[in-house]
Amino acid sequence: MTVRPLTENQKDLYNALNNERITYLAIFGPSGSGKTLFVIDYALRVLKQSKNKKLILIKPLIDPATKREFTIAELGNLYFENVKMYLKDIVDSLKEDWNEVEKLIEEKRIVISDFSSLSGRSFDDAIIFVDDVQVVKPERIIEILMRVGSNSRLIIAGDPILQAEYYQTIKILREVLSNETNSYIVELGLNDIIREGAKLGMRLLLETRLRRREMSKEEKEIFEIISERVENVDIVTVFDLRSIKEEIGAVFRTVPDVVIIVKEGQAGRLIGKQGAMIQEIEKELNLKLRVLEVGLDMREYFRVFHPAGKLARELKNLELKGPYLYIYATKEQRPIILGNKGANIRFFEKCLKQLLNVEVKVLT
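Residues numbered from 1 in each chain as written. Predicted model: local features only at pLDDT ≥ 70, side-chain atom pairs only at ≥ 80, totals over all residues. Heavy atoms only, no water.

Peer 1: Quick one: what's the story with the layout of surface pockets, residue by residue and with numbers?
Peer 2: In this model, the largest pocket occupies a volume close to 620 Å³. Taken together, the residues that form the lining of the largest pocket break down as nine nonpolar, eight polar and eight charged. (1 Å grid on protein atoms, 1.4 Å probe; cavity = no way out; pocket = protein on both sides within 12 Å on 5 of 7 lines; lining within 4 Å. Points joined across faces, edges and corners; volume = space filled by probe spheres on them. Nonpolar A, V, L, I, M, F, W, Y, C, P; charged D, E, K, R; others polar.)

Peer 1: Explain helix α4 (residues 77-93) to me, and be specific about the residues and the numbers.
Peer 2: Along its 17 residues, α4 runs 24 Å from first to last C-alpha, staying within 8% of the 24 Å computed at 1.5 Å per residue. Within α4, burial applies to Y79, V83, K84, Y86, L87, I90 and V91. Seen end-on, α4 carries its buried residues on one side only, within an arc spanning 160°. Exposed side of α4, more than 90 degrees from the buried face: N77, M85 and D89 are the residues found there. Looking one or two places after α4, you find K95, whose phi comes out positive at around 60°. (Helix = DSSP H or I, 4+ residues; strand = E, 2+ residues; numbered from the N terminus. Expected span 1.5 Å × (residues − 1). Buried < 20%, exposed > 50% of the residue type's maximum accessible area, 1.4 Å probe, protein only. Arc of directions from axis to C-beta.)

Peer 1: Lay out empty space enclosed by the protein in plain terms, naming residues and giving numbers.
Peer 2: Which parts of space are left empty comes out when a probe the size of a water molecule is rolled across the atoms. Counted according to the given criterion, the structure contains one cavity of 30 Å³ or more. Approximately 30 Å³ is the volume found for the largest cavity. In terms of lining, the largest cavity is formed by F115, L118, R140, E143, I144 and R147. Of the residues in the lining of the largest cavity, the class split is three nonpolar, no polar and three charged.

Peer 1: Help me get a handle on the side chain of D240, residues and values and all.
Peer 2: Checked against the element boundaries, D240 lands in strand β9 (residues 235-240). Its relative accessible area of 12% is what places D240 among the buried residues. In this view, D240 contacts E218, E219, D257 and V258; residues no more than four positions away in its chain are not counted. (Contact = heavy atoms within 4.5 Å.)

Peer 1: Can you explain the sheet that holds strand β7 (residues 153-158)? Please cite residues and give values.
Peer 2: Strand order in the open sheet formed by six strands is β5-β2-β6-β7-β1-β8, and the pairing between neighbours is parallel. Lying at the two open borders of the sheet, with one neighbouring strand each, are β5 (110-113) and β8 (183-187). When the angles between neighbouring strand axes are averaged without regard to direction, this sheet yields 15°. Note that strand β1 (residues 24-28) and β7 share five bridges and pair parallel. (Pairing = 2+ DSSP bridges. Axes fitted to C-alpha atoms, helices over the stretch in contact; angles between N-to-C directions.)

Peer 1: How would you summarise the sheet that holds strand β12 (residues 317-321) if you had to cite specific residues and measurements?
Peer 2: With respect to topology, three strands assemble into an open sheet ordered β12-β13-β14, the strand pairing being mixed. Two strands close off the open sheet at either side, each with one partner strand: β12 and β14 (359-363). Going across the sheet, the axis of each strand differs from the next one's by a mean of 20°, ignoring polarity. Examined bridge by bridge, β12 and strand β13 (residues 324-328) share five bridges and lie antiparallel to one another.

Peer 1: Please provide a residue-by-residue account of unusual backbone geometry, values included.
Peer 2: As a rule of thumb, non-glycine residues mostly have phi less than zero, and peptide bonds are mostly trans rather than cis. For D132, which is not glycine, the phi torsion reads 55° and is therefore positive. Locating D132 in the fold gives a position in the loop between β6 (126-130) and α6 (138-145). By relative accessible area, D132 is classed as partly exposed at 22%. The phi dihedral of N182 is positive, around 60°, even though this residue is not glycine. For N182, the position within the fold is in the loop between α7 (167-178) and β8.

Peer 1: Which residues make up helix α8 (residues 196-212), and what values do they have?
Peer 2: Taking 1.5 Å of rise per residue, the 17 residues of α8 would be expected to cover 24 Å, and the 24 Å separating its terminal C-alpha atoms lies within 8% of that figure. Taken together, the buried positions of α8 are A198, M202, R203, L206, E207 and L210. Residues of α8 that are buried make contact with β9, β10 (258-262), α13 (298-305) and α15 (343-356).

Peer 1: Outline the packing of aromatic side chains, supporting the account with residue identities and numerical values.
Peer 2: Across all of its chains, the model carries five aromatic pairs by this definition. Ring centres of Y79 and F80 lie 6.4 Å apart, and the angle between their planes is 75°; on these two criteria the pair is classed as edge-to-face. Since its relative accessible area comes to 29%, F80 is described here as partly exposed. For the ring pair F302 and F348, a centre distance of 5.4 Å and an interplane angle of 70° mean the geometry is edge-to-face. Separated by 46 residues along the polypeptide, F302 in helix α13 and F348 in helix α15 bring together distant segments of the chain. We note that F302, like F348, is buried. In this structure, K321 packs its charged tip against the face of Y326, placed 5.8 Å from the ring centre. (Phe/Tyr/Trp six-rings, centres within 6.5 Å; stacked < 30°, edge-to-face > 60°. Lys NZ or Arg CZ within 6 Å of the ring centre and 35° of its normal.)

Everything listed is a geometric property; what it means functionally is a separate question.
Structure, rendered in structure tokens:
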């Protein structure tokens, strides 16, 4: 089965995979956006079409507690079985015959490897695929660049979204590959997540990250007051914007003082009928409040935090890709988004930087 792209970014990935002039291909995007599925689908098609080709598959096995990387020498057959299970899940999703894939493994046309096994070797007529590159040191990937032989390609895939500890690794790999000839980088975002389970997982990852956020003394006090007033609302975190307003030094009449972030589907409980509940709390705290539900729709974050939030539904698109939120705007919208001397976009970016550790780019 050939996987068909469903989004513009997936079309970009599909075209890049089928462009043999690209020797070094990097794919960055969240789980569920199709990175591995498209690569394995492409690799199996190539192996069927050419008896001389082989796939070198590297799937790092990392201890989640210590971040230590396991090797084939350490785990032996257990290493191979783990990677084969990962590969079988993908093959099953593609509705391919696993027995045929196992035969390719037996014939060593699919080679399960690790970084240690590559030392001193080069590969001709091969597709070298390294998945989950965000969990390994950049030097490991740079070393593999030297192993790409004649008529071969290196494809790497990684997931940097909402995982700040991996941003530096992905940043280095982007810089290295962008300066290489015959290289290409595909960026997939939250909008490219197709599987509902993956969407749920990403939303829960975001929620977990926000729950772990260290609140200030004032934020904790507001959290406690609201929790006592409205018992049936699951408040994820409280985000005080007043210090950011002072830092920017501009008057933002449309921006709240504090944003109350709640679990998806619970905003109505806090807002109350015709806004009665939130208005009572605003009077008690003498603060302007706004409620935001945890979700993957970046337009809602723009609506709540940006001084020109009313533009949210009119924007062409907003995409969270890696450590960046891309705002796609018209030429007429751009000056409004930036604001006087860039105040609007600086305020919005500082909010997102503190909350999600992402930066903002405006594209027209």
